[in-house]
Structure formats: C-alpha cells, structure tokens
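Report on the structure
What follows is the residue order along each chain.
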Amino acid sequence: MAKPSLNLEDAYEACRKETAQWAKTFYLGTMLLPPAKRKAIWAIYVWCRRTDELMDSIEAQKKSRNELSDRLNKWEDKTKNIFAGNTEDDLDAVLADTLQKFPQSIQPYIDMIEGQRMDLDTTRYKTFDELELYCYRVAGTVGLMTQGVIGIDSAYKSNPNKPCPDTSKAAIALGIANQLTNILRDVGEDRGRGRIYLPLEDLAKFNYSEEDLMNGKINENWKALMSFQLARARDWFLKSEEGIKWLSIDARWPIWTSLRLYSGILNSIEKLDYDVFNNRAYVKGWVKAINLPISYLITINDEKYKLRTLLN
C-alpha cells in the first residue's frame, strides 16, 4: 500500500470538511454518530461525491462523451485498486482504511459508477421503472455502502431464536427516496444540462410537455405533476423507515434525523408552491433544531419495539 503524504487523521478531516460544505443536512446527521462511524461515512461520502463530479462538475460539462467515458473507466480501475489495498493518494488511503474497519462488497461502488455511465447517453426516462434503476445505482447503492458501517443492533444478532434482520431493502429505499428528492429539488438545474429525470409517462399523464418543463412553465398541471412526484418520494421514505428499528442503537437517532431532515425538503418544495425553477428548496435551521428531539423520541420508541420483539 502506498504511503499517503498526509496522515489519515488529516485526510479524514478533509473528508469532514467536504461533507460539511456540500451536504449540510446529511452532515448534521453524521455528527450524531460515534466518531469511528462518522469518519467512515465521511470517507464514503467523499468517494460518492467525486464519482458524481466526474459527470456533473462544471469542468466535466466541457468534456466530450468519450473523455467522460474514459474518466469513468479510470475511476472504476482506481476503485478496484483501493479495494485491493493499493492506494495512490490520501483519499484512497482513507477509503482503504474505512474498508479495513468496516468490510463490504465492491459491487455497490461498481453499480454507482454504472449509474454515472447512464448519464453519458440518457437524458430522458420513459417510465418510473427506468428511473428506479438509475436511482438505485446513483443513490440506493449508498445505503448498501453505509449499512455495514451503521450495523445491526447486537441484541438481534445475539438471539439464536430470532433470524438476524436484513436491512438491505430499507437501506436501498432510503437512497432512492433521497435521490427522488434531489430530482424534484433540482428540476431547474437539471434542465440546464438538457436532462429531465421526471418520467415522461408522468408528464403525459398530467398533460405537461417537455417544452413546458424546459421553459419553466408553472401551471395547475405542473403542480399536480409535482404533487404526484412528492407523494411517490414520501412512499419510498416510508419503505425505508421499516429497517431503522433494527439498526445499531448508536445509529438510530442519526438515521432518523437524516431521514426526517431530507424528507423535509419535500415540505419546502410545497411551501414554494412547486416553483423549483426559480428557487432552491432547503430545510431551515429552526426546522432542523426541532427535528433533533423529535427524532430522538422516535428512537426511544424503536428501543421499546426491540424489547417487545425479543421478549416475545
């Protein structure tokens, strides 16, 4: 393994700063985790962000399709080397250190890179089934990457009379819910790149055209379309909630907080009357503050569920 120029603590601190800068709502949730877990999540987040930037940065948008494809191929090779323990720089070393402490499969990482490849040629999604695959690859995979860090409550794993819960479906659902939220928040930004992520079958259902979207037209059809999309995203958040009660006790509060804060972006979109063309929806500071104790109370209820389950 190549020796990094900085020590690991400095590299982890760089990951913390990057997470705090680019994912403020997510970062707040990570700060509720124990130090070792939060540092691992920061390292994974930075890998994911850099993967995304290969396609979506301002610099990337000036490159040809072949150049972008070549970048993704090199990034995949680099990722495989990290999993093999071969690192080239400090951020490689941080992810390699995380993988040593929290072993996991490389497949979600490869799947995420494949999701970026979809953006090379796909600018429209005809159906939600097509969009769901994209959402899994670019975001559902994050749930799989992080579930090994978060962990299962030891009480469930140590009970020989109860099968150990599998949180994979819930983890994927949370990632998909977050990505659907991103899509709804970033409709205006994505149209600037020539991309429409809202399924075309849904646009047709609400009699709202691609041209309307590109022009930022806000009418009753648009509001009905967006209301439908928000309901779908909330349904995916509900699917994800099922798995939180099984998580390690030191992670439930952070996960509930992150889920509630991120889903709060949907509420913000409603308060903007669905005008995401001229505004960016976000969760205000006082809303974040209120959700901390609420999430903690939900966590206590999860603990009561665990006790009932294991005693029965």
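The preceding data block contains the structure.
Presented here is an overview of the structure given in this document. Keep in mind it's a predicted model, so treat the numbers as computed, not measured. (Residues numbered from 1 in each chain as written. Predicted model: local features only at pLDDT ≥ 70, side-chain atom pairs only at ≥ 80, totals over all residues. Heavy atoms only, no water.)

Despite not being glycine, N207 has its phi angle at roughly 55 degrees, a positive value. By the secondary structure assignment, N207 is in the loop between α11 (200-205) and α12 (210-214). Even without being glycine, D273 reaches a positive phi, approximately 60 degrees. Structurally, the position occupied by D273 is in the loop between α14 (249-271) and α15 (285-311). The partly exposed category is assigned to D273, whose relative accessible area is 39%. (Helix = DSSP H or I, 4+ residues; strand = E, 2+ residues; numbered from the N terminus. Buried < 20%, exposed > 50% of the residue type's maximum accessible area, 1.4 Å probe, protein only.)

With their axes 9 Å apart at the nearest point, helix α1 (residues 8-22) and helix α5 (residues 90-101) run at an angle of 95 degrees to one another. If you check the angle between α1 and α5, you find them roughly perpendicular. Each of L8, A11, Y12 and C15 in α1 lies in contact with α5, whose residues at this interface are D90, L91, A93, V94, D97, T98 and K101. Here the residues of the contact of α1 with α5 are counted per class, giving seven nonpolar, one polar and three charged. (Axes fitted to C-alpha atoms, helices over the stretch in contact; angles between N-to-C directions. Parallel < 35°, antiparallel > 145°, perpendicular 65-115°, else oblique. Contact = heavy atoms within 4.5 Å. Nonpolar A, V, L, I, M, F, W, Y, C, P; charged D, E, K, R; others polar.)

Attention now goes to the nonpolar core. Counting residues in each nonpolar core, the largest one holds 72 residues, and the members touching the most others are W47, L131, L198, W222 and I269. Per element, the largest residue contribution to this core is eleven residues, and it comes from helix α7 (residues 128-150). Y12, C15, A43 and V94 belong to the second largest nonpolar core, which has ten residues in total. (Core = buried A, V, L, I, M, F, W, Y, C linked by side-chain atoms within 4.5 Å.)

Bringing the pattern of salt bridges into the picture now. One pass over the full model with this rule turns up 33 salt bridges. The salt bridge partner of E76 is R117, with a shortest N-O separation of 2.7 Å. Note that E76 is positioned in helix α4 (residues 65-83) and R117 in helix α6 (residues 107-121), a separation of 41 residues in sequence. Via salt bridges that share partners, R185, D186, E189, D190, R193 and R280 belong to a single interconnected network. (Salt bridge = Lys/Arg side-chain N within 4 Å of Asp/Glu carboxyl O.)

The residue T79 is located in helix α4 in this model. On the basis of relative accessible area, T79 is assigned to the buried category, the value being 0%.

Mapped onto the elements, I172 comes out in helix α9 (residues 168-185). A sequence separation of 38 residues divides I172 from E210, and the C-alpha atoms of the two residues are 29 Å apart. Discounting chain neighbours no more than four positions away, the residues touching I172 are Y136, G140 and L144.

Taking 1.5 Å per residue as the helical rise, α1 with its 15 residues ought to reach 21 Å, and the 21 Å between its terminal C-alpha atoms agrees with that figure. Contacts made by the buried residues of α1 are with α2 (24-30), α3 (35-56) and α5. With a side-chain oxygen positioned 3.1 Å from the backbone nitrogen of E9, the residue opening α1 is N7. (Expected span 1.5 Å × (residues − 1). Polar contact = N/O pair within 3.5 Å; in protein donor to acceptor, adjacent residues only side chain to side chain.)

Attention now goes to the packing of aromatic side chains. All chains considered together, the criterion is met by twelve aromatic pairs. When the ring of W222 is compared with that of F277, the centres are 4.9 Å apart and the planes differ by 35 degrees; the resulting orientation is tilted. Here the residue W222 occupies a position in helix α13 (residues 220-241), and F277 occupies one in the loop between α14 and α15, the gap between them amounting to 55 residues. Overall, F277 belongs to the buried group, its relative accessible area being 10%. Sitting over the face of the ring of Y12, K39 holds its NZ or CZ atom 4.9 Å from the ring centroid. (Phe/Tyr/Trp six-rings, centres within 6.5 Å; stacked < 30°, edge-to-face > 60°. Lys NZ or Arg CZ within 6 Å of the ring centre and 35° of its normal.)

All right, on to the layout of surface pockets then. Volume-wise, the second largest pocket comes out at about 310 Å³. Lining the second largest pocket are 16 residues; nearest its centre among them are G264, N267, S268, K271 and Y282. Looking at the lining of the second largest pocket, the elements with two or more residues in it are α14 and α15. Sorting elements by how many residues they give to the lining of the second largest pocket places α14 first, with seven residues. By residue class, the composition of the lining of the second largest pocket is seven nonpolar, five polar and four charged. (1 Å grid on protein atoms, 1.4 Å probe; cavity = no way out; pocket = protein on both sides within 12 Å on 5 of 7 lines; lining within 4 Å. Points joined across faces, edges and corners; volume = space filled by probe spheres on them.)

Let us now look at a nonpolar patch on the surface. On the surface, a nonpolar cluster with roughly 300 Å² of combined accessible area is contributed by W286, I290 and I294. Its location among the elements puts I294 in helix α15. In this structure I294 comes out as partly exposed when scored by relative accessible area, which is 31%. (Patch = residues over 30% accessible without salt bridge, like charges linked within 9 Å, V, L, I, M, F, W, Y side chains within 5 Å. Areas by Shrake-Rupley, 256 points an atom, 1.4 Å probe, with all protein chains shown as cover.)

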